[in-house]
Amino acid sequence: MDNTIGVIGLGVMGSNIALNMANKGEKVAVYNYTRDLTDKLLHRIENQSIDPYYEVQSFVQSLETPRKIFLMVTAGAAIDSVIGSLVPYLEQGDIIMDGGNSHYEDTARRFDDLKSKGIDYIGIGISGGEVGALNGPSIMPGGDRVAYEKVAPILTKIAAQVDATPCCTYIGPKGAGHFVKMVHNGIEYADMQLIAEAYTFLRERLQLSVSEIADIFETWNQGELKSYLIEITADILKKKDEKTGLPLIDVILDKAGNKGTGKWTSIQAIDNGVPLSIITESVFARYESSLKEERVLAEEILAGPVGDQQVLDKDLWIEYIRQALYMGKVCAYAQGFSQYKSTSDLYDWNLPLEEIALIFRGGCIIRAEFLNVISEAYQTQANLKNLLIAPFFAEKIKDYQMGLRKVICEGINSGIAFPCLSTSLSYFDSYRKGNSNASLLQAQRDYFGAHTYERNDMEGIFHTDWN
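Below is a short write-up of the structure. Note that the structure is predicted; figures quoted are calculated from it, not measured. Numbers given for residues are sequential positions, taken from 1 along each chain in its written order. pLDDT decides what is reported in this predicted model: residues at 70 or higher carry local features, side-chain atom pairs at 80 or more are listed and counted, and totals for whole chains, interfaces and linings draw on all residues regardless. With hydrogens and water stripped out, all remaining heavy atoms of the structure feed into the side-chain values.

1. So, the overall build of the protein
Alright, step 1. Helical segments are the DSSP runs of H or I of at least four residues, strand segments are the runs of E of at least two, and each set is numbered from the N terminus. In terms of helices and strands, the protein carries 19 helices and nine strands.
Alright, step 2. Relative to the globule expectation of 23 Å for 467 residues, the C-alpha radius of gyration of the protein, 25 Å, shows essentially globular dimensions.
Alright, step 3. With respect to the principal axes defined by its C-alpha atoms, the protein has extents near 75 × 70 × 45 Å.
Alright, step 4. The 467 residues of the protein split such that 51% are buried. Our radius of gyration looks at C-alpha atoms and nothing else; its globule reference is 2.2 Å times the residue count to the power 0.38. Each residue gets one of three labels from its accessible area relative to the maximum for its type: buried under 20%, exposed over 50%, partly exposed in between, using a 1.4 Å probe on protein chains only.

Structure, rendered in structure tokens:
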């Protein structure tokens with residue numbers, strides 16, 4: 001019983017997490033339901049202290065107490081099955097950590113169930129993909145704080161480090177960690193779609209080559225757009241296909257997959273009345289991409305704008321699209337962090353928004369230069385309602401909104417679909433208006449359904465006999 005931690009689930013992420021722990025000096029026991037993945041991991045081991053086990057009981061018994069077990073198992077029923085196999089061999093005070101993409105409500109349920117048995121359960125959001133899992137991901141743990149403190153020395157050690165600070169912090173109770181990861185993934189969906197729309201404008205409207213666009217993204221990554229997603233986009237656009245010699249991007253089928261976390265983010269926002277239009281549009285964009293056969297057929301039937309297009313000043317419009325992309329990204333992060341704030345208030349989680357922004361700076365997929373600014377905004381004003389009204393972003397948007405408006409208008413007139421860029425502008429324009437058209441909506445509701453309305457000049461609830 002001298003292994004300090006155990007890892008169950010040895011797919012790509014689980015194997016890399018186990019190696020990460022071992023590389024940081026932990027003695028790691030590993031177990032997988034099927035033997036093949038365990039054996040595959042053993043071929044990667046050099047001098048790391050990793051002990052394989054092929055039975056749950058012996059795996060559990062190899063761990064020092066209180067036992068610390070890290071699950072990297074597919075979300076859903078598989079998690080419950082693994083927990084069920086572990087419980088007979090566990091004791092009070094043992095800790096199970098779920099590092100998969102579990103739904104936060106499932107995590108809360110498991111937390112309560114295991115708590116009744118004296119076992120602590122920590123739902124841990126992990127972001128960084130396979131490279132981050134090995135070299136240091138962003139880690140979002142939620143559960144009992146006392147239990148977290150027992151595993152914090154390991155988690156902070158394997159996390160990404162930025163300015164000598166680990167990208168890991170206690171998020172909140174029960175399912176808070178997995179909730180933060182879920183919304184992180186929603187922001188990721190929107191960020192990726194916004195980048196794809198910027199790429200489309202550069203290629204279809206400005207008629208730039210893939211290599212020229214790669215150079216543009218590489219330049220952008222040296223400025224205020226600096227981020228992991230901008231960086232890898234430049235790398236992707238430089239890659240050539242070995243078979244055809246074409247840019248690899250041109251031989252990849254335009255059907256985007258998803259694993260459900262973006263959808264969960266949108267559903268949670270709808271259930272709790274949070275406007276999450278940009279993230280939701282990015283989810284719908286992936287769904288529409290899956291209609292490949294229908295889109296190919298529709299292209300033969302449906303015509304877009306006709307007439308010659310004006311030749312654009314490339315340098316000027318590259319700057320406009322840079323501004324548009326920056327503003328779109330700010331709006332997407334603003335929606336995601338507003339969802340954090342509203343849900344934190346709803347469940348009394350007290351989410352540390354300034355720390356969440358900081359742990360996103362390293363390891364994770366949405367790491368970006370302006371996360372420092374986001375953190376500073378919440379440090380300055382803990383109850384900030386929306387990032388758009390933080391002084392830095394309010395000033396930036398004042399300068400950049402015309403770039404976004406010009407790109408959207410030019411794109412629409414050219415027949416380019418901008419689901420997320422256009423929604424970003426609509427969100428901004430709706431949010432900045434003190435008065436909206438909702439008075440007409442409420443009047444319509446009262447007309448056909450007697451739903452009543454409030455007035456803006458006196459207190460009370462009113463109904464009009466419209467007929």
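2. Points about the nonpolar core
Alright, step 1. Buried Ala, Val, Leu, Ile, Met, Phe, Trp, Tyr and Cys residues that are joined via side-chain atoms within 4.5 Å together make up what is termed a nonpolar core. Counting 87 residues, the largest nonpolar core has Leu202, Phe217, Trp220, Phe337, Tyr340, Phe360 and Ile374 as its most contacted members.
Alright, step 2. Sorting elements by how many residues they give to this core places helix H14 (residues 314-347) first, with 15 residues.
Alright, step 3. When checking whether two residues touch, look at their non-hydrogen atoms; a contact exists if any pair is within 4.5 Å. Among residues more than four places away in sequence, those in contact with Phe337 are Ile187, Leu353, Ile356, Ala357, Phe360, Ile374, Tyr378 and Leu387.

3. Quick look at the side chain of Arg110
Alright, step 1. Structurally, Arg110 is set in helix H5 (residues 104-115).
Alright, step 2. A relative accessible area of 3% places Arg110 in the buried class.
Alright, step 3. In this structure the side chain of Arg110 is engaged in a polar contact, spanning 3.0 Å, whose partner is the backbone oxygen of Gly76.
Alright, step 4. Those residues in contact with Arg110 that lie beyond four places of it in its chain are Gly76, Ile79, Asp80, Ile83, Asp98, Ser102 and Tyr121. For the purposes of these results, a polar contact is taken to be a pair of N or O atoms within 3.5 Å, where, inside protein, one atom must be able to donate a hydrogen and its partner to accept one; residues adjacent in sequence count only when each atom of the pair is a side-chain atom.

4. So, the environment of Ala382
Alright, step 1. Secondary-structure assignment places Ala382 in the loop between helix H16 (371-380) and helix H17 (391-413).
Alright, step 2. Classification of Ala382 as exposed rests on a relative accessible area of 56%.
Alright, step 3. Taking C-alpha positions, Ala382 is 24 Å from Lys433, a pair spaced 51 residues apart along the chain.

5. Section: the sheet that holds strand E6 (residues 120-127)
Alright, step 1. Following DSSP output, two strands are said to pair if at least two bridges run between them. Pairing in this open sheet of seven strands is mixed, and the strands run E3-E2-E1-E4-E5-E6-E7 from one edge to the other. Both edges of this open sheet fall to strand E3 (50-53) and strand E7 (138-142), since each of them pairs with a single strand only. With direction set aside, neighbouring strand axes in the sheet form an average angle of 25°.
Alright, step 2. Where helices are involved, their axes are fitted lines through C-alpha atoms of the stretch in contact, as for all axes, and angles between N-to-C directions lie from 0 to 180°. Taken strand by strand, H5 contacts strand E5 (95-98) and E6, and its axis lies near 155° from that of E6.
Alright, step 3. Seen against the sheet, helix H8 (residues 176-205) touches E5, E6 and E7 and runs at an angle of roughly 20° to E6.

6. Some details on the packing of helix H12 (residues 277-289) against H14
Helix packing geometry: the angle between the two helix axes and the distance between the axes.
Alright, step 1. Following both chains from N to C, one finds H12 and H14 inclined at 105°, their axes separated by 8 Å at the closest point. Considered as vectors, H12 and H14 are oriented roughly perpendicular to each other. Taken together, the residues of H14 that come into contact with H12 (itself represented by Ser277, Ile278 and Ile279) are Cys331, Ala332, Gln335 and Gly336.
Alright, step 2. Taken together, the residues of the contact of H12 with H14 break down into four nonpolar, three polar and no charged. Working rule for angles: under 35 degrees goes down as roughly parallel, over 145 as roughly antiparallel, 65 to 115 as roughly perpendicular, anything else as oblique. Put simply, Ala, Val, Leu, Ile, Met, Phe, Trp, Tyr, Cys and Pro go in the nonpolar bin, Asp, Glu, Lys and Arg in the charged bin, and everything else, Gly too, in the polar bin.

7. With respect to helix H11 (residues 261-271)
Alright, step 1. For H11, every residue scored as buried is listed here: Thr261, Gly262, Thr265, Ser266, Gln268 and Ala269. The buried side chains of H11 occupy one side of the element, clustering within an arc of 160° when seen end-on. Structural note: H11 exposes Ile270 and Asp271 on the side pointing more than 90 degrees away from its buried face.
Alright, step 2. Looking at the buried positions of H11, the neighbouring elements they touch are H5, H8, H12 and H14.
Alright, step 3. Within two residues after H11, Gly273 carries a phi angle of roughly 70°, on the positive side. Directions are taken from the helix axis to each C-beta atom, and the arc is the one they span.

8. Things to note about the environment of Glu105
Alright, step 1. Note on placement: Glu105 falls in helix H5.
Alright, step 2. You can call Glu105 partly exposed: its relative accessible area is 47%.
Alright, step 3. Separated by 221 residues in sequence, Glu105 and Tyr326 have C-alpha atoms that sit 33 Å apart.

9. Notes on the pairing of E7
Along any regular strand the residues' side chains alternate between the sheet's two faces.
Alright, step 1. Of all five residues in E7, five are buried; the element is thus mostly enclosed.
Alright, step 2. Residue alternation in E7 divides its side chains into two sets, Ser138, Met140 and Gly142 and Ile139 and Pro141, and both sets are buried.
Alright, step 3. The pairing of E6 with E7 spans five bridges and is antiparallel. If you follow Gly125 over to E7, its bridge partner there is Met140.

10. With respect to the pattern of salt bridges
Pairs can form between side chains of opposite charge whenever their charged atoms are close.
Alright, step 1. Here a salt bridge means any side-chain nitrogen of Lys or Arg lying within 4 Å of a carboxyl oxygen belonging to Asp or Glu. Scanning all chains against the criterion turns up 27 salt bridges.
Alright, step 2. Note that Glu91 and Arg67 form a salt bridge whose closest N and O atoms lie 3.7 Å from each other. One end of the pair, Glu91, is in the loop between helix H4 (77-86) and E5; the other, Arg67, is in the loop between helix H3 (56-61) and strand E4 (68-71), and 24 residues separate them in sequence.
Alright, step 3. Take Arg67: its relative accessible area is 5%, and that puts it in the buried class.
Alright, step 4. Through salt bridges with shared partners, one network takes in Asp80, Asp106, Arg109 and Arg110.

11. Describing unusual backbone geometry
Alright, step 1. Following Thr65, the chain continues into Pro66 via a peptide bond in cis, with omega recorded as -10°.
Alright, step 2. Mapped onto the fold, Pro66 is located in the loop between H3 and E4.
Alright, step 3. One non-glycine residue, Ala450, lies in the positive phi region at around 50°.
Alright, step 4. Relative to the helices and strands, Ala450 resides in the segment after helix H19 (438-449).

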